[in-house]
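Here's the letter readout for the chains.
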Amino acid sequence: MHGKLETETGLREHPFKPCVSAANADNHLMNLAIETEQETDGRWIAEIAQIPGALAYGATRDEAISRVEALALRVLADRLELGEMPPQLEEIFSIAV
């Protein structure tokens, strides 16, 4: 799959930001780009290449995007619990002293 959120008519508007972003100490953003493609059987597939296995199908493009966003959040939550968070996302939280 190639391109970021492109349709036959170009860039797609999404009611929510179509990526997960977090600033690190250097103010760099982690951007999880969602790529979509319509299968020959009519289903849509959405994928976040930066997260291995983050792939979801939907009857519509919006459904596939929603499913892959939810899956990505679950994967990131699991990584956080296991202590495997990428440094860019560790900067989201601060511990009050």
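What counts, and at which threshold
- Residues numbered from 1 in each chain as written.
- Predicted model: local features only at pLDDT ≥ 70, side-chain atom pairs only at ≥ 80, totals over all residues.
- Heavy atoms only, no water.
- Core = buried A, V, L, I, M, F, W, Y, C linked by side-chain atoms within 4.5 Å.
- Buried < 20%, exposed > 50% of the residue type's maximum accessible area, 1.4 Å probe, protein only.
- Helix = DSSP H or I, 4+ residues; strand = E, 2+ residues; numbered from the N terminus.
- Contact = heavy atoms within 4.5 Å.
- Phe/Tyr/Trp six-rings, centres within 6.5 Å; stacked < 30°, edge-to-face > 60°.
- Lys NZ or Arg CZ within 6 Å of the ring centre and 35° of its normal.

**With respect to the nonpolar core**
Phase 1 of the analysis: One finds Ile34, Ala46, Ile48, Ile51 and Val68 to be the most contacted residues of the largest nonpolar core, which totals 15 residues.
Phase 2 of the analysis: Counting only elements with at least two residues in this core, the list comes to β4 (44–47) and α1 (61–81).
Phase 3 of the analysis: A total of five residues in this core trace back to one element, the largest contributor, which is α1.
Phase 4 of the analysis: Setting aside residues no more than four positions away along its own chain, Val68 makes contact with Ile34, Ala46, Glu47, Ile48, Ala54, Leu55 and Ala56.

**Focus on the packing of aromatic side chains**
Phase 1 of the analysis: Applying the stated criterion across every chain, the model contains zero aromatic pairs.
Phase 2 of the analysis: Here Arg43 stacks its cationic end above the ring of Tyr57, 4.1 Å away from the centre of that ring.

None of the figures reported here should be taken as evidence of function without further support.
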